[in-house]
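Listed here are the chains, written in short residue letters.
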Amino acid sequence: MSTQSPIAASTGQTWNTEAYAANGRFVANLTSGVVDLLAPQPGEAILDLGCGDGALTEKLAATGAIVTGVDSSAAMVAAARLLKLNIDHHDAANLPYEDQFDAVFSNAALHWLPAAKQPNVLKGIYRALKPGGRFVAEMGGQGNIAAIRTALQTTLAPFHIDAEATAESFYPSPAVYRRLLEAAGFTVQSIDLIPRPTLLLNGMDSWLNTFRNGVLDQLAPIDRATVLTQTVALLKPVLCDADGNWAADYVRLRFHATKN
């Protein structure tokens, strides 16, 4: 099942729930640090922003917290609702909530929104929180997938496609995102950049087809195959070990902020 996501409309990125489950389950699995920072408590109301297919939302709900998931992808919303979770379908830049949640949580979602949308997203999150509520999140940070992005920029240049401009992903430094949070009214309790090389069990081509389809879909099928082959070849000396194990050069930005 695949559908266009309102969050990704400007980039063309789409989410196929089966491909995401097969090639991106690490997104929900590698979350112990940010979930510990959230420290969900039984009975408190938590909004899971960019909940995807609900795999992590389900874990949060198992703590006894009253969790509402929200995502802009109709496919992801449908998949999450199959888990009998409370899931809303809204664009992150137009959240309808007001003074409703003890905490807003987000994992691996905010970096899909271009820089220009971030202020409105943060204002909506601030508005959704109760006074004194907390906003705990992890997203791509400065230097995230730098080798992958550089390789794509190189292989797509002959096709006159700017991979960075097309993807419109936002990977800020701690200083940049601190300013955005404070401008929205938050007090930043902590904000850290965390390198996290991540094993890709299904290889680099599967990762590219899942997480950069908005860029690759600009190409004709024969050109797409060529670009994939060339990109994988460029990355192999850097991100593939002698045993054939691939890793993505992830860098995460993790923070905890509170509503004044």
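Since the model is a prediction, treat every value here as computed from it, not as a measurement.

Definitions and limits used
- Residues numbered from 1 in each chain as written.
- Predicted model: local features only at pLDDT ≥ 70, side-chain atom pairs only at ≥ 80, totals over all residues.
- Heavy atoms only, no water.
- Buried < 20%, exposed > 50% of the residue type's maximum accessible area, 1.4 Å probe, protein only.
- Helix = DSSP H or I, 4+ residues; strand = E, 2+ residues; numbered from the N terminus.
- Pairing = 2+ DSSP bridges.
- Right-handed = clockwise from strand over helix to strand, strands pointing away.
- Core = buried A, V, L, I, M, F, W, Y, C linked by side-chain atoms within 4.5 Å.
- Contact = heavy atoms within 4.5 Å.
- Polar contact = N/O pair within 3.5 Å; in protein donor to acceptor, adjacent residues only side chain to side chain.
- Phe/Tyr/Trp six-rings, centres within 6.5 Å; stacked < 30°, edge-to-face > 60°.
- Axes fitted to C-alpha atoms, helices over the stretch in contact; angles between N-to-C directions.

A. Structural view of the pairing of strand E3 (residues 45-49). The element E3 is largely enclosed, with a buried count of five among its five residues. Pairing of E3 with strand E4 (residues 66-71) involves five bridges; the strand directions are parallel. Bridge assignment links Ala45 to a residue of E4, and that residue is Ile66. Handedness of the crossover joining E3 and E4 through helix H4 (residues 55-61) is recorded here as right-handed. Here E3 pairs with strand E6 (residues 101-107) via four bridges, running parallel. Note that in E6 the partner of Leu49 across the bridge is Ser106.

B. Up close: the nonpolar core. Ranked by size, the top nonpolar core spans 31 residues in total, and within it Leu110, Ile125, Phe135, Tyr177, Leu181, Phe186 and Phe255 carry the most contacts. Secondary-structure elements contributing two or more residues to this core are E3, E6, helix H6 (118-128), strand E7 (129-140), helix H9 (174-183), strand E8 (186-195) and strand E11 (251-259). It is H6 that provides the largest number of residues to this core, a total of five residues. Dropping the residues within four chain positions of it, Tyr177 is found in contact with Leu110, Gln118, Leu122, Met139, Phe170, Pro172, Ile191, Leu253 and Phe255. Counting 26 residues, the second largest nonpolar core, distinct from the first, contains Ile148, Ala151, Cys240 and Trp246.

C. Broad picture of the side chain of Asn144. By the element assignment, Asn144 lies in the loop between E7 and helix H7 (146-156). Residue Asn144 is classed as buried on the basis of its relative accessible area, which comes to 1%. Polar side-chain contacts of Asn144 include one of 3.1 Å to the side chain of Arg252. Leaving out residues up to four positions away in the same chain, Asn144 has contacts with Arg149, Tyr171, Asp249, Tyr250, Val251 and Arg252.

D. Structural context of the packing of aromatic side chains. With the rule as written, the count across this model stands at eight aromatic pairs. When the centroid spacing of 5.6 Å and the interplanar angle of 40° are considered together, the rings of Phe135 and Phe186 count as tilted. In this pair, Phe135 sits in strand E7 while Phe186 sits in strand E8, placing the two residues 51 residues apart along the sequence. By relative accessible area, Phe186 is classed as buried at 3%. Between Trp207 and Tyr250 the ring centres are 6.5 Å apart and the planes differ by 75°, which places this aromatic pair in the edge-to-face class. With a gap of 43 residues between them, Trp207 in helix H10 (residues 203-211) and Tyr250 in the loop between strand E10 (246-248) and E11 connect regions that are remote in the sequence.

E. Structural view of the sheet that holds E7. If you trace the seven strands from one edge of the open sheet to the other, you get E5-E4-E3-E6-E7-E11-E8, paired in mixed fashion. Since the sheet does not close on itself, it has two edges, and those belong to strand E5 (86-89) and E8, each with one partner. Taking each pair of neighbouring strands and ignoring which way they run, the sheet shows an average axis angle of 15°. The sheet contact formed by E8 and E11 spans nine bridges and is antiparallel. Across the sheet, the residue bridging to Thr187 is Thr258, located in E11. Against the sheet, helix H5 (residues 74-81) engages E4 and E5, with an angle of about 165° to E5. H9 contacts E7, E8 and E11 of the sheet and is inclined by roughly 155° relative to E8.

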